[in-house]
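Coordinate inspection notes
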Amino acid sequence: MPRTLIRKNPSNFKTLPLFVEATPEGLSYQSIGMPLNFSQTLQRRRPVTVPDSERFALELANLGVSVRLTLHWQNRDYWVLVRQRRQDRGDVVLKLISGYVPAHELNLPLHTATQEIAEECLLETPEGWLSGRFNDTWLPAPYSAALHYREALPFRLTPLSGSARPVRCANMPLLERPRAYVHLPTASLQLIYDLRLDVPKEAKSLSLFHVDERLEGDQLVARLDRKRPDLYLMPLQDGQPLAELYTLKKDQLYPASTRGLYLAESFARQEGWLVKDERIRWKDWVRQQGLSPPGKDSGLARLHGKAKQLLKRIVPRKAARP
């Protein structure tokens, strides 16, 4: 049975609409108008059109932030994706860890991004849940009232290389140079940070879970469902993704089905500063990336093959019968 971790009043959340200016050299945004609550923001997320994908000026409903999180575990790298039922768009997708940027953090969306990791990506060991640090700053432990966190063994977040085109809040360049795009169907500006999460080597029997807030009546409710971990790992090879998905439970990777799967719009094709699609089918994204669908040569199969080869070296063959 899902476990309720926290309840919030959604009216406490406030954000601000934006005025965005873009050129081929860079993009800048600044807040306009009065703060909006969650439902007011959703009402403003209506499709917009832009004639030039590289040069425009327009008003948008909100600022969103996502993290392309590379998890380093047992000497391998994985992208972290989470499953979300998007109530405002009536679909289910795998997406990057993401959230709305509140009004008081519009000039520091990186802080929102690290908060979202602490809220959405939970790492469990038999001794408790792992806390995290970004450089020298501790991440919050948002569910400490319901879960036991291990402060002695934190995971570590570090920034990876950022986008080539700068993004500014007013005249201030954003730290770590996130990738930016305007999502036309929702009239929103989206920022994507590249971050790396290093799992400590001492963390044994690791399991990963996704926790997301859902609007239920007049409350935002976050629940942990062990039967639906909803956090997926996409392995990387030489920095490039493989067309494979896994869940992680007690140090064991389990293949996840991609049948009928959709990815969120951050995986769709970007033209200039614009993304026009709501989502993209998994198989279309795999084709666009030039990836091979998993088969007998999948990552787990390769690992299994290596294990068999190692076993043959250790265990001598039986003598042939006369």
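This text goes with the structure placed above it.
Keep in mind that what you see is a predicted model, and the values were worked out from it rather than measured.

To continue, consider the environment of W129. Mapped onto the secondary structure, W129 falls in strand 10 (residues 128-134). When its relative accessible area of 6% is taken as the criterion, W129 is described as buried. Separated by 15 residues in the primary sequence, W129 and S144 have C-alpha atoms spaced 9.6 Å apart.

With that settled, consider the sheet that holds strand 3 (residues 26-31). Taking strand neighbours across the sheet as the criterion, the five strands line up as 4-2-3-13-14 in an open arrangement whose pairing is mixed. Lying at the two open borders of the sheet, with one neighbouring strand each, are strand 4 (56-60) and strand 14 (172-173). Bridging between strand 2 (residues 18-23) and strand 3 involves six bridges; their strand directions are antiparallel. Directly across from F19, in strand 3, lies its bridge partner Q30.

Now for the pattern of salt bridges. Following the criterion strictly, the structure yields 13 salt bridges and no others. The residue R165 makes a salt bridge to E54 at a minimum N-O spacing of 2.7 Å. Remark: E54 occurs in the loop between helix 1 (38-44) and strand 4 and R165 occurs in the loop between strand 12 (149-159) and strand 13 (167-169); sequence separation between them is 111 residues. Of the residues examined, R165 reaches a relative accessible area of 23% and is grouped as partly exposed. With a shortest N-O distance of 3.7 Å, E120 and K95 are connected by a salt bridge. Separated by 25 residues along the polypeptide, E120 in helix 2 (residues 109-120) and K95 in strand 7 (residues 91-95) bring together distant segments of the chain. With a relative accessible area of 4%, K95 lands in the buried category.

With that settled, consider the side chain of E265. Mapped onto the fold, E265 is located in the loop between strand 24 (262-264) and strand 25 (270-271). For E265, a relative accessible area of 7% corresponds to the buried category. A distance of 3.3 Å separates a polar atom in the side chain of E265 from a polar atom in the side chain of Y181. Every residue in contact with E265, bar those within four places of it in the chain, is listed here: R86, R89, Y181, H183, V275, D277, E278 and R279.

Conventions we followed
- Residues numbered from 1 in each chain as written.
- Predicted model: local features only at pLDDT ≥ 70, side-chain atom pairs only at ≥ 80, totals over all residues.
- Heavy atoms only, no water.
- Helix = DSSP H or I, 4+ residues; strand = E, 2+ residues; numbered from the N terminus.
- Buried < 20%, exposed > 50% of the residue type's maximum accessible area, 1.4 Å probe, protein only.
- Pairing = 2+ DSSP bridges.
- Salt bridge = Lys/Arg side-chain N within 4 Å of Asp/Glu carboxyl O.
- Polar contact = N/O pair within 3.5 Å; in protein donor to acceptor, adjacent residues only side chain to side chain.
- Contact = heavy atoms within 4.5 Å.

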